[in-house]
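Observations on the three-dimensional arrangement
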Amino acid sequence: QSTTQDAGTKPFRLRYAPHFGLFRNAAGNDLVAQLEFAAAQGFRDWEDNTMHKRPVEEQTRIAAAMERLGIRMGVFVAYGVGSFDKRSFTGSDKKLREEAVAEVRASVEVAKRVNAKWMTVVPGAFSIDVEEGYQTARCIDLLRRCAEVLEPHDLVMVLEPLNWWKNHAGLFLRKIPQAYEICRGVDSPACKILFDVYHQQIQEGNLIPNIDLAWDEIAYFQVGDNPGRNEPGTGEINYRNVFKHLHTRGFDGVVGMEHGASRGGKEGDLAVIEAYRTADAF
Ligand SMILES: O=C(O)C(=O)CO
């Protein structure tokens, strides 16, 4: 605990982004108080999957606090929440496909309000009764339409492959090479990869080589250890080496802390921060 406090406002070497709730025991329930606490601990980034579901006044209040504290906004989810079971991107149902474009379009206003550049897209369900090549092509076609919505605003949708073996069996997008192929197909600066190291450790491993192979299409990282999806150091992933690799490659984008805490209470919140200080000391 003293190390955490001593570290104080010292910035981390990578731009780790907590989310609301992660420090609520230490900072209290108020969202702005959580941002202030994080900033005092040296965090300069944030993410909030459900930002688009918050009332406009709350979005505005959060954005003002972030601006005051010098915190950069990471992802919110533009498409995916509540749609994991829909064949929107992989199917041919026109209504579902129009809905997906409309959701991405609606996210433009949210992104502007909260100064976000990136938004997560999870392109729905896999179909067991259609050859995968057709699903991939349909997905690319619809993502191109979404990219055309975002390009004029300089916004980026980041496609997030999610694992089948622990959390999300049956989703279409689950592998990094698959996301890479799709991004190359869409061929737009508005369509990139969100590489969630937790999901990929479960789905396919080979983390650092896959980071390198997909590098030119990756815009965003998220992390969490496995098993348990908690802070670095609580599982099997060598995060110090992963972070060192990202730093060596000059990554200055967001590394989202999309995980829980292995311990409860204030002590657990502080242990999360300490885990990042340790993993960041490469
Ligand atoms: O739902 C999940 O597991 C995610 O990582 C979404 O971002």
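Coordinates for the structure precede this section.
Let me begin by describing the structure that accompanies this report. Predicted model, so just to flag it, every value in this text is computed and none were measured. (Residues numbered from 1 in each chain as written. Predicted model: local features only at pLDDT ≥ 70, side-chain atom pairs only at ≥ 80, totals over all residues. Heavy atoms only, no water.)

**Examining the packing of helix H6 (residues 132-150) against helix H7 (residues 176-186)**
For the pair H6 and H7, the least separation of the axes is 9 Å and the interaxial angle reads 50 degrees. Between H6 and H7, the angle falls in the class oblique. The two elements H6 and H7 cross, and the hand of that crossing is right-handed. When H6 is examined against H7, the residues Glu132, Thr136, Cys139, Ile140, Leu143, Arg144 and Ala147 are found in contact with a partner set consisting of Gln178, Glu181, Ile182, Gly185 and Val186. Looking at the contact of H6 with H7, its residues break down into six nonpolar, three polar and three charged. (Axes fitted to C-alpha atoms, helices over the stretch in contact; angles between N-to-C directions. Helix = DSSP H or I, 4+ residues; strand = E, 2+ residues; numbered from the N terminus. Parallel < 35°, antiparallel > 145°, perpendicular 65-115°, else oblique. Left-handed = near helix turned anticlockwise from the far one by under 90°. Contact = heavy atoms within 4.5 Å. Nonpolar A, V, L, I, M, F, W, Y, C, P; charged D, E, K, R; others polar.)

**Comments concerning H6**
The first and last C-alpha atoms of H6 sit 27 Å apart over 19 residues, in line with the 27 Å expected at 1.5 Å per residue. Those residues of H6 hidden inside the fold are in contact with helix H5 (94-114), strand E5 (118-121), strand E6 (156-159), H7 and strand E7 (191-196). (Expected span 1.5 Å × (residues − 1).)

**Thoughts on the site of the ligand**
Taken together, Glu160, Leu162, His168, Asp196, His199, Arg229 and Glu258 make up the full set of residues near the ligand. Within the side chain of His199, one N or O atom sits 2.9 Å away from an oxygen atom of the ligand. With respect to the ligand, the side chain of Glu258 contributes an N or O atom lying 2.9 Å from an oxygen atom. Burial of the ligand by the protein chains amounts to 86% of its free accessible area of 230 Å². Of the residues assigned to the shell around the ligand, the class counts are one nonpolar, two polar and four charged. (Near = heavy atom within 4 Å. Polar contact = N/O pair within 3.5 Å; in protein donor to acceptor, adjacent residues only side chain to side chain. Areas by Shrake-Rupley, 256 points an atom, 1.4 Å probe, with all protein chains shown as cover.)

**As for the packing of aromatic side chains**
Applying the stated criterion across every chain, the model contains 17 aromatic pairs. Ring geometry for Phe195 and Phe221: centres 5.7 Å apart, planes at 35 degrees, overall tilted. A residue pair is termed long-range when its members are at least 10 positions apart, and Phe195 in strand E7 and Phe221 in strand E8 (residues 218-222) qualify at 26 residues. Accessibility expressed as a relative area gives 0% for Phe195, which makes it buried. Taken together, the ring pairs in this structure connect Phe12, Tyr16, Phe23, Phe37, Phe43, Tyr239, Phe243 and Tyr276 into an aromatic cluster. In this arrangement the basic side chain of Arg174 is found over the ring face of Phe126, its NZ or CZ atom lying 5.0 Å from the centre. Between the NZ or CZ atom of Arg174 and the centre of the ring of Trp164, over which it lies, the distance is 4.9 Å. (Phe/Tyr/Trp six-rings, centres within 6.5 Å; stacked < 30°, edge-to-face > 60°. Buried < 20%, exposed > 50% of the residue type's maximum accessible area, 1.4 Å probe, protein only. Lys NZ or Arg CZ within 6 Å of the ring centre and 35° of its normal.)

**A short note on the environment of Lys266**
Turning to its location among the elements, Lys266 is positioned in helix H11 (residues 265-279). As for Lys266 and Arg113, which are separated by 153 residues in sequence, their C-alpha atoms are 32 Å apart. Beyond its immediate chain neighbours, meaning those up to four positions away, Lys266 contacts Asn25 and Ala26.

**Observations concerning the nonpolar core**
Within the largest apolar cluster, 80 residues are counted, with the highest numbers of intra-cluster contacts made by Leu143 and Phe221. The dominant element in this core, judged by the number of residues it contributes, is H6, at eight residues. When near neighbours in sequence (up to four residues on either side) are disregarded, Phe221 contacts Leu194, Phe195, Val197, Ile211, Trp215, Leu246, Phe251, Val254, Val255 and Gly256. (Core = buried A, V, L, I, M, F, W, Y, C linked by side-chain atoms within 4.5 Å.)

**Some words on the sheet that holds strand E9 (residues 254-256)**
Across the sheet, seven strands lie side by side as E1-E9-E8-E7-E6-E5-E4; this open sheet has parallel pairing. Of all the strands in the sheet, just strand E1 (15-17) and strand E4 (76-79) have a single pairing partner and so form its edges. For this sheet the average axis-to-axis angle between neighbouring strands, irrespective of direction, equals 40 degrees. Relative to E8, E7 runs parallel, the two sharing four bridges. (Pairing = 2+ DSSP bridges.)

**Examining the pairing of E4**
In this structure, E4 lies alongside E5, joined through three bridges in parallel fashion. Bridge pairing in E5 places Tyr79 opposite Val121. In the classification by handedness, the crossover that spans E4, the intervening H5 and the parallel E5 is right-handed. (Right-handed = clockwise from strand over helix to strand, strands pointing away.)

**Things to note about the side chain of Glu231**
Within the element layout of this structure, Glu231 appears in the loop between E8 and helix H10 (239-248). Buried charge without a salt bridge: Glu231, with Arg263 as the nearest opposite-charge side chain at an N-O distance of 6.2 Å. Only 2.6 Å separates the side chain of Glu231 from the side chain of Ser262, close enough to count as a polar contact. When near neighbours in sequence (up to four residues on either side) are disregarded, Glu231 contacts Asp225, His259, Gly260, Ala261, Ser262, Ala271, Val272 and Ala275. (Lys, Arg positive; Asp, Glu negative; His and termini not counted. Salt bridge = Lys/Arg side-chain N within 4 Å of Asp/Glu carboxyl O.)

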